[in-house]
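Inside the fold
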Amino acid sequence: MGVLPHCYVRCCKALNKNPNFTKIIHRSFYKNFAKGDDTFISRLKHVYNTKVLPLEKQYLFHEFHLPPLTDQDFDAKPMVLFVGQYSTGKTSMIRYLIEKDYPGIRIGPEPTTDKFMVIMGGDNEQSIPGNALVADPSKNFSDLSRFGNKFLKKLSCGIVNTPLLKSITFVDTPGILSGEKQRAQREYNFNETLNWFAERSDMIVLTFDANKLDISDELKAAIDVLKNHDSKLRIILNKADTIDARSVLRVHGALMWALGKTIHCPEVPRVYIGSFWDQPYKNDVNRIIFNEEENDLFQDMKSLPHNSFISKLDHIGKRANTAIVHAYIMSELKSRVPLLSRIINKSNCQNELINNLENVFAEIQDKNKNLSVGDFPDVENMKVLLKGRDFSSFNTLDKKLINRATNLMDGFNIEMTMNEVEVQSNVIPSINDSSTPFNLKTKGIDEGKFDQRWIVDYYREPFDNIFNNLEKNDGKVVRTAAKEEFLKSKLPNSVLSKIWKLADQDGDGLLDSDEFALAMYLIKIKLEDSELPDSLPEHLIPPSNRNKPINIAS
């Protein structure tokens, strides 16, 4: 810590006769003068520790719901969870993304990943067994110890020195079994551990093999867990290059139908189609679609470090709402145990309340309209947790704690500057990376960006035929004739006006043959559902005008 200001030191010395007052002054001056790490995450920690954690402790939230958040939970890198049946390409996709093998990797047609594998970044590549992982205070996996040693034997961590893992952590899960294999019982509760990882993940990648879409009982149970986190879910139809173009459409439709019956929500999450590894396509007729789907998914993944700030904020808000509801429940149960019953027939009184817990929840909701039904816990699970508890030991409702947690964001600047996290990866290029012709989109406004020839020349023959038949003045088409031709596109006047400004390079209000061809090309790509730029890209400027001042559309 730096040297404290002279006024702070002088004030503390003058008030050292009153220790309590000195402590207050110390905290106040320290806050104002010795403020250190003032980042988004540090403020979020402060909000949780001062507004949510006291409420959780007061009403035993950690014994009924979730353990308290630690600094490691706040500082953790965003996590991507890979789930799917065996041999659907989960492990191959992770290897493709990190561009190298990781400790413990096994790839094959049979179930090869039989562990939960955490793949993290680090300088010294190594494999860490489950027991050592949960014992490491610098990592946010200590809570996994509650699943017991049988699970920890099936948990491992691989440390890999690769650029992408400096910003993101991956978790590979055991291949979900099907057919006769699913009769083999796992030694731990797979769905509970899966839910633990799903709750803490920023993205969940659910993979399917285009050659086998059967949804086994174990997979259906896993999807039932994951559908509670549908906003994080990304569904992959992998190995789509192994089937022909018509089959891709049929298989995609079959998968959407199957998911519609399993995931009961208004809209089934998007399904990404492709072949997500570094091997040649076996059938590349859908190559363009595969590349676009892969780019969309990986760019979504690349944005996680920045978006995780907002995700953490959202998680604290949801947690606060759950803790508030829990406080009302604990207080209500205490109030319903009469004073005499706390001595006589306490057990019978409490059991009666547990059996009628649904009515207790309904009455709490009726008395407190501000509480959301979705924030109440599962009734049956709560009944189990309440058995054997002494309701008289619960605390009464503390309105100050409730109000503090309710007004969670008071004084918190949500729009404060957050440092952009640079995600480095050769597999996931930057959006504006033009170092190779393979990274940029080559459709729409970007078409022809790497060509030596002006891209409009490839399409201009029919445009020139139209130009030659229109009324001209000094070799340029007159405004009324051009307008009449442009209106045939049925585009709105505002769009056609923008196209005119982009094409009229010299700003004289008339269009020569190059400018007219350019305008018709811009109409063409707009009709193909591409967006128009605010100013004309260099590769679209007619060669005859490239050394002249350019008219910028406004």
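About the thresholds
- Residues numbered from 1 in each chain as written.
- Predicted model: local features only at pLDDT ≥ 70, side-chain atom pairs only at ≥ 80, totals over all residues.
- Heavy atoms only, no water.
- Helix = DSSP H or I, 4+ residues; strand = E, 2+ residues; numbered from the N terminus.
- Buried < 20%, exposed > 50% of the residue type's maximum accessible area, 1.4 Å probe, protein only.
- Contact = heavy atoms within 4.5 Å.
- Areas by Shrake-Rupley, 256 points an atom, 1.4 Å probe, with all protein chains shown as cover.
- UniProt positions renumbered as here; feature names shortened; annotations may be inferred.
- Axes fitted to C-alpha atoms, helices over the stretch in contact; angles between N-to-C directions.
- Parallel < 35°, antiparallel > 145°, perpendicular 65-115°, else oblique.
- Nonpolar A, V, L, I, M, F, W, Y, C, P; charged D, E, K, R; others polar.
- Lys, Arg positive; Asp, Glu negative; His and termini not counted.
- Salt bridge = Lys/Arg side-chain N within 4 Å of Asp/Glu carboxyl O.
- Arc of directions from axis to C-beta.
- Pairing = 2+ DSSP bridges.
- Phe/Tyr/Trp six-rings, centres within 6.5 Å; stacked < 30°, edge-to-face > 60°.
- Polar contact = N/O pair within 3.5 Å; in protein donor to acceptor, adjacent residues only side chain to side chain.

- By the naming in an unreviewed UniProt entry, the chain goes by EH domain-containing protein 4 and is assigned to Melanaphis sacchari.

**What to know about the overall build of the chain**
- Helix and strand counts for the chain stand at 21 helices and 10 strands.
- The buried share among the 554 residues of the chain stands at 45%.
- By sequence separation, contacts in the chain at least 24 residues apart represent 76% of the contacts at least 6 residues apart.
- Total accessible area on the chain stands at roughly 29500 Å², and carbon and sulfur atoms take up 49% of it.

**Looking at the UniProt feature "domain: EF-hand" (unreviewed entry) in the chain**
- Per the UniProt record, the feature "domain: EF-hand" (unreviewed entry) sits at residues 491–526.
- Helix and strand shares over residues 491–526 are 69% and 0% respectively, and the end C-alpha atoms of the span are 9 Å apart.

**What about the packing of helix 14 (residues 346–355) against helix 15 (residues 357–367)?**
- At a minimum axis separation of 4 Å, helix 14 and helix 15 run at an interaxial angle of 70 degrees. Of the possible angle classes, the one that applies to helix 14 and helix 15 is roughly perpendicular. Across from Leu353, Ile354 and Asn355 in helix 14, the residues of helix 15 making contact are Leu357, Glu358 and Val360.
- Within the contact of helix 14 with helix 15, the residues separate by chemical class into four nonpolar, one polar and one charged.

**Side note on the side chain of Asp172**
- Along the chain, the position of Asp172 falls in strand 5 (residues 169–172).
- One buried charge, Asp172, has no salt-bridge partner; the nearest side chain with opposite charge is Lys90, at 4.5 Å.

**A word on helix 10 (residues 217–226)**
- Every buried residue of helix 10 is listed here: Glu218, Leu219, Ala222, Ile223, Val225 and Leu226. Take helix 10 and look down its axis: the buried residues cluster within an arc of 155 degrees, on one side only.
- Where helix 10 is buried, its residues meet strand 1 (79–84), helix 9 (190–200), strand 6 (203–209), strand 7 (233–238) and helix 11 (245–262).

**Some points on the pairing of strand 1**
- Burial runs high along strand 1: six of the six residues are buried.
- Judged by which residues are buried, strand 1 turns out to be covered on both faces: Met79, Leu81 and Val83 on one side and Val80, Phe82 and Gly84 on the other are all buried.
- The pairing of strand 1 with strand 5 spans four bridges and is parallel. Bridge pairing in strand 5 places Phe82 opposite Asp172.

**A word on the packing of aromatic side chains**
- Taken as a whole, this structure holds 20 aromatic pairs when the rule is applied.
- Ring geometry for Phe116 versus Phe151: centroids 5.6 Å apart, planes at 65 degrees, classification edge-to-face. On the criterion of sequence distance, the pair formed by Phe116 in strand 2 (residues 116–121) and Phe151 in helix 8 (residues 149–152) is long-range, its members being 35 residues apart. Across this residue pair, the class does not change: Phe116 and Phe151 are buried.

**Some remarks on the pattern of salt bridges**
- What the rule picks out here adds up to 32 salt bridges.
- Residue Arg270 pairs with Glu293 through a salt bridge whose shortest N-O separation is 2.7 Å. You can see Arg270 sitting in the loop between helix 11 and strand 8 (271–273) and its partner Glu293 sitting in helix 12 (residues 287–302), a full 23 residues away along the chain.
- We classify Arg270 as partly exposed; its relative accessible area is 40%.
- A residue is classified by how much of its surface remains accessible, and Glu293, at 13% relative accessible area, is buried.

**Observations regarding the sheet that holds strand 8**
- Taken together, eight strands build an open sheet; the order of strands is 3-4-2-5-1-6-7-8 and the sheet is mixed. Of all the strands in the sheet, the pair left with one neighbour each is strand 3 (126–129) and strand 8. Shown here is a sheet whose adjacent strand axes are inclined to one another by a mean of 25 degrees, direction ignored.
- Sitting on the sheet, helix 9 touches strand 1, strand 2, strand 4 (155–160), strand 5 and strand 6, and the angle it makes with strand 1 is about 145 degrees.

**Concerning the side chain of Asp143**
- Within the element layout of this structure, Asp143 appears in the loop between helix 7 (130–135) and helix 8.
- On the accessibility criterion, Asp143 (18% relative accessible area) is buried.
- Engagement of the side chain of Asp143 in a polar contact is seen with the side chain of Trp196, the distance being 2.8 Å.
- In contact with Asp143, other than residues within four places in its own chain, are Pro67, Trp196 and Arg200.

**Quick notes on the environment of Val325**
- Among the secondary structure elements, Val325 is positioned in helix 13 (residues 304–335).
- What makes Val325 buried here is its relative accessible area of 1%.
- Sequence spacing of Val325 and Ile402 is 77 residues, and the spatial spacing of their C-alpha atoms is 9.5 Å.
- The contact partners of Val325, leaving out residues within four places of it in the chain, are Leu371, Asp375, Phe376 and Pro377.

**Focus on the environment of Leu133**
- Within the element layout of this structure, Leu133 appears in helix 7.
- Spatially, the C-alpha atom of Leu133 lies 9.6 Å from that of Ser145, the residues being 12 residues apart in sequence.
- Leu133 has contacts with Val118, Ile128, Lys139, Phe141, Leu155 and Cys157, leaving out every residue within four places of it along the chain.

**Looking at helix 19 (residues 479–487)**
- What helix 19 keeps buried is the set Ala481, Ala482, Glu485 and Phe486. Around the axis of helix 19, the buried residues are gathered within 130 degrees of arc, so they sit on the same side. Exposed residues pointing more than 90 degrees away from the buried face of helix 19 are listed as Arg479, Thr480, Lys483 and Glu484.
- Looking at the buried side of helix 19, the elements it contacts are helix 18 (460–468), strand 10 (476–477), helix 20 (493–503) and helix 21 (513–527).

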